[in-house]
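Spelled out, the chains give:
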Amino acid sequence: MSVSRRQFAKLGALGFAAQVMPGMSAVAQESGKKVGYCVIGLGRIADHFMRGVQHGSTSKITGLVSGHRDKALRIAAQYGVPESSIYSYEDMDRIRENKAIDAVYVALPNNMHAEYTIRSAKAGKHVLCEKPMATSVSDAEAMIDACKTANVKLMIAYRCQYEPTNLKAVKLIREGAIGKVQVIHSAFGGNFAAGEWRLTKKYGGGGSLMDVGIYALNATRYLTGEEPVAFSAFTSTLDQDGRFNEVDENLVWTTRFPSGVLANCSSTYGANMPGYYRVYGSKGWVEVGPAFSYDGMRLRAQYSSGIMGVPDVQLDEENPDKDPMHFTREADHFSECIVKERTPKTPGEEGLRDMRYMKEIYRTAGVTVL
Ligand code: NDP
């Protein structure tokens, strides 16, 4: 049974969160009631998310929206979703009447995020939307406005901000373990096949920055805790096989933060480039690589516990979590925000900031998008 919106409000008002047993989420403790998610777009990332939800204790899959009914029926059987809770893109607004659906997970190509976020908000459902938030700054703003007007929550699925190894890197930096941060290097890339919607301007919005570079951009922001003040950037498209007629293939950019920290980042659609970052400070460095994968996150660090002395601390730690644990953490967070009436850690505004920065990065590289 799902938690109704009235129940959410009541639980929040009763300060339910404060009475939660250690190690057990508020939602799970409330007599096994779970936040119900309707997944919109049953592709690759949706599969990770649905497995993540099933793995956790706070949430469950209670609805599906798909253009392929056969696939939806198969997945519905797998997750115990009734046939009556399968929708098409045309009739998905009917989720409004479905009390088992508390929230939606928008897992569609980038250019469809705005429409389905806004329609879901109008149907009175909370929205967890994949990154990048949209394919234009104005769409991202409209999504935030629609969710505010409908009084529903909006979270952008920046899963790395809920992942323990990334969080440990942030903690080390905040505690001053590596001294004063000077420079960050980060990169992420994938070799995508021809025919992918990602390689079209219409569906992708832009090139590799929109899909994979955004991880590095977002990481430089959560690692520094600062907002960029300036960018410089270059793109190149080698286009050796005709895949890149519409979007850029390679992008490198440099970010300057208010403190003077500089970040040097790159992304590509033309090569497999494992996602990583290395942060250099006055007392040492911390690296996470892989940093943006679905599992296997590894943190290494080397720094001096004294003031600029010989490095005497060495860390090498791997997060033992396996896929789909990332997605469990992400869903748990949003479900708890819904129950406890809290703002998610990565709300729409976080996605909007990246949209503005990506627009600026592309502008400085001479590309007009977003
Ligand atoms: P897929 O192509 O695998 O899935 C997208 C799904 O959207 C399709 O399976 C389809 O579902 C539906 N869809 C509806 N209209 C279209 C259309 N015109 N063309 C293609 N698909 C359509 O994409 P991904 O799952 O890889 O990416 C989805 C979103 O998730 C993107 O925004 C991407 O950036 C993001 N993403 C996030 C990741 C993360 O780690 N957070 C990792 C990968 C992607 P159906 O058949 O059910 O209609």
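Just so it is clear, the model here is predicted, and its values are computed rather than measured.

Further remarks concern the pattern of salt bridges. On inspection of all chains with the given rule, the structure shows 24 salt bridges. Across the pair Arg 221 and Asp 354 runs a salt bridge, and its minimum N-O distance is 2.8 Å. Of this pair, Arg 221 sits in helix α9 (residues 208-224) while Asp 354 sits in helix α11 (residues 348-364), and the two are 133 residues apart along the sequence. Taking the relative accessible area as the measure of exposure, Arg 221 reaches 4% and is therefore buried.

The next subject is the site of the ligand. The local shell around the ligand holds 27 residues, among which Ser 66, Lys 71, Tyr 89, Asn 110 and Arg 159 are the closest. Between Tyr 89 and the ligand, the recorded distance is 2.5 Å, taken from a side-chain N or O atom to an oxygen atom. Taking Leu 108, its main chain carries an N or O atom lying 3.2 Å from an oxygen atom of the ligand. Protein contacts shield 85% of the accessible area of the ligand, which totals 890 Å² for the unbound molecule. Those elements that provide at least two residues to the shell around the ligand are α3 (44-55) and α9. Grouping the amino acids of the shell around the ligand by side-chain chemistry returns 13 nonpolar, seven polar and seven charged.

Scanning the model with the defined rule gives zero disulfides in all. Looking at Cys 147, it has no disulfide partner, and the nearest cysteine sulfur is the one in Cys 129, 8.9 Å off. On the basis of relative accessibility, which here comes to 3%, the residue Cys 147 falls in the buried class. Of all cysteine sulfurs in the structure, the one in Cys 265 sits closest to Cys 160, which takes part in no disulfide; the separation is 14 Å. Look at Cys 160 and you get buried, because its relative accessible area is 5%.

Moving on, we get to the packing of α3 against helix α10 (residues 325-340). Two numbers describe how α3 lies on α10: the axes approach to 7 Å, and their chain directions differ by 70 degrees. As summarised for this structure, α3 and α10 are arranged roughly perpendicular, according to the angle between their axes. On α10, the residues touching Ile 45, His 48, Phe 49, Gly 52, Val 53 and His 55 of α3 are Met 325, Phe 327, Thr 328, Glu 330 and Ala 331. Across the contact of α3 with α10, the residue classes tally to six nonpolar, four polar and one charged.

Time to look at the pairing of strand β1 (residues 35-40). For β1, the tally of buried residues reaches six of six residues, placing the bulk of the element in the interior. Residue alternation in β1 divides its side chains into two sets, Val 35, Tyr 37 and Val 39 and Gly 36, Cys 38 and Ile 40, and both sets are buried. Bridge count for β1 against strand β2 (residues 59-65) is six bridges, and the pairing is parallel. Residue pairing for β2: Ile 40 is matched across the bridge by Val 65. Of the crossover connections in this fold, the one passing from β1 over α3 to the parallel β2 is right-handed. In the sheet, β1 pairs with strand β4 (residues 103-106) via four bridges, with the strands oriented parallel. Paired with Val 39 across the strands is Tyr 105, a residue of β4.

This brings us to the packing of helix α5 (residues 113-122) against helix α6 (residues 137-150). Two elements in contact, α5 and α6, have axes separated by 9 Å at closest approach and are oriented at 10 degrees. Comparing the axis directions of α5 and α6 gives the class roughly parallel. Within the contact between the two elements, α5 uses His 113, Ala 114, Thr 117, Ile 118 and Ala 121 and α6 uses Asp 139, Ala 142, Met 143, Ala 146, Cys 147 and Ala 150. The class makeup of the residues in the contact of α5 with α6 is eight nonpolar, two polar and one charged.

Let us now look at the domain arrangement of the protein chain. Here the domain parsing of the protein chain yields domain 1 (19-158) and domain 2 (164-320). Contact residues are listed per partner, giving 11 residues for domain 1 and 13 residues for domain 2. Both sides of the domain 1 and domain 2 interface together cover about 1,100 Å² of buried area, and 56% of this is carbon and sulfur. Inspection of the region where domain 1 meets domain 2 yields two salt bridges. One salt bridge connects Asp 211 with Lys 131, and the closest N-O pair in it is separated by 3.3 Å. Our enumeration of links across domain 1 and domain 2 arrives at five residue pairs in polar contact (both at pLDDT 80 or more).

So, about the sheet that holds strand β13 (residues 298-303). Read from one edge to the other, the open sheet built from eight strands follows the order β8-β9-β10-β7-β11-β12-β13-β14, with strand pairing classed as mixed. Edge positions in the sheet fall to β8 (230-236) and β14 (313-318), since each has one partner strand and no second. Neighbour-to-neighbour, the strand axes of this sheet turn through a mean angle of 10 degrees, independent of strand direction. Bridge count for strand β7 (residues 181-189) against strand β11 (residues 273-281) is seven bridges, and the pairing is antiparallel.

Inspection of the entire model under this criterion finds 10 aromatic pairs. Note on Phe 192 and Tyr 269: the rings are 5.3 Å apart at their centroids and 85 degrees apart in plane angle, and the pair reads as edge-to-face. Remark: Tyr 269 occurs in the loop between β10 (262-268) and β11 and Phe 192 occurs in the loop between β7 and α8 (201-204); sequence separation between them is 77 residues. Per residue, the accessibility class of Phe 192 equals that of Tyr 269, and both read buried. Residues Tyr 294 and Phe 327 carry aromatic rings whose centres are separated by 5.6 Å and whose planes lie at 55 degrees to one another, so their mutual orientation is tilted. Remark: Phe 327 occurs in helix α10 and Tyr 294 occurs in the loop between β12 (284-288) and β13; sequence separation between them is 33 residues. Each member of the aromatic cluster is reached from another via a ring pair, and the members are Phe 188, Tyr 215, Tyr 277 and Phe 292.

Reading the values: rules and limits
Residues numbered from 1 in each chain as written. Predicted model: local features only at pLDDT ≥ 70, side-chain atom pairs only at ≥ 80, totals over all residues. Heavy atoms only, no water. Salt bridge = Lys/Arg side-chain N within 4 Å of Asp/Glu carboxyl O. Helix = DSSP H or I, 4+ residues; strand = E, 2+ residues; numbered from the N terminus. Buried < 20%, exposed > 50% of the residue type's maximum accessible area, 1.4 Å probe, protein only. Near = heavy atom within 4 Å. Polar contact = N/O pair within 3.5 Å; in protein donor to acceptor, adjacent residues only side chain to side chain. Areas by Shrake-Rupley, 256 points an atom, 1.4 Å probe, with all protein chains shown as cover. Nonpolar A, V, L, I, M, F, W, Y, C, P; charged D, E, K, R; others polar. Disulfide = S-S within 2.5 Å. Axes fitted to C-alpha atoms, helices over the stretch in contact; angles between N-to-C directions. Parallel < 35°, antiparallel > 145°, perpendicular 65-115°, else oblique. Contact = heavy atoms within 4.5 Å. Pairing = 2+ DSSP bridges. Right-handed = clockwise from strand over helix to strand, strands pointing away. Domains from an automatic or database assignment. Buried area = accessible area lost by both parts, 1.4 Å probe. Phe/Tyr/Trp six-rings, centres within 6.5 Å; stacked < 30°, edge-to-face > 60°.

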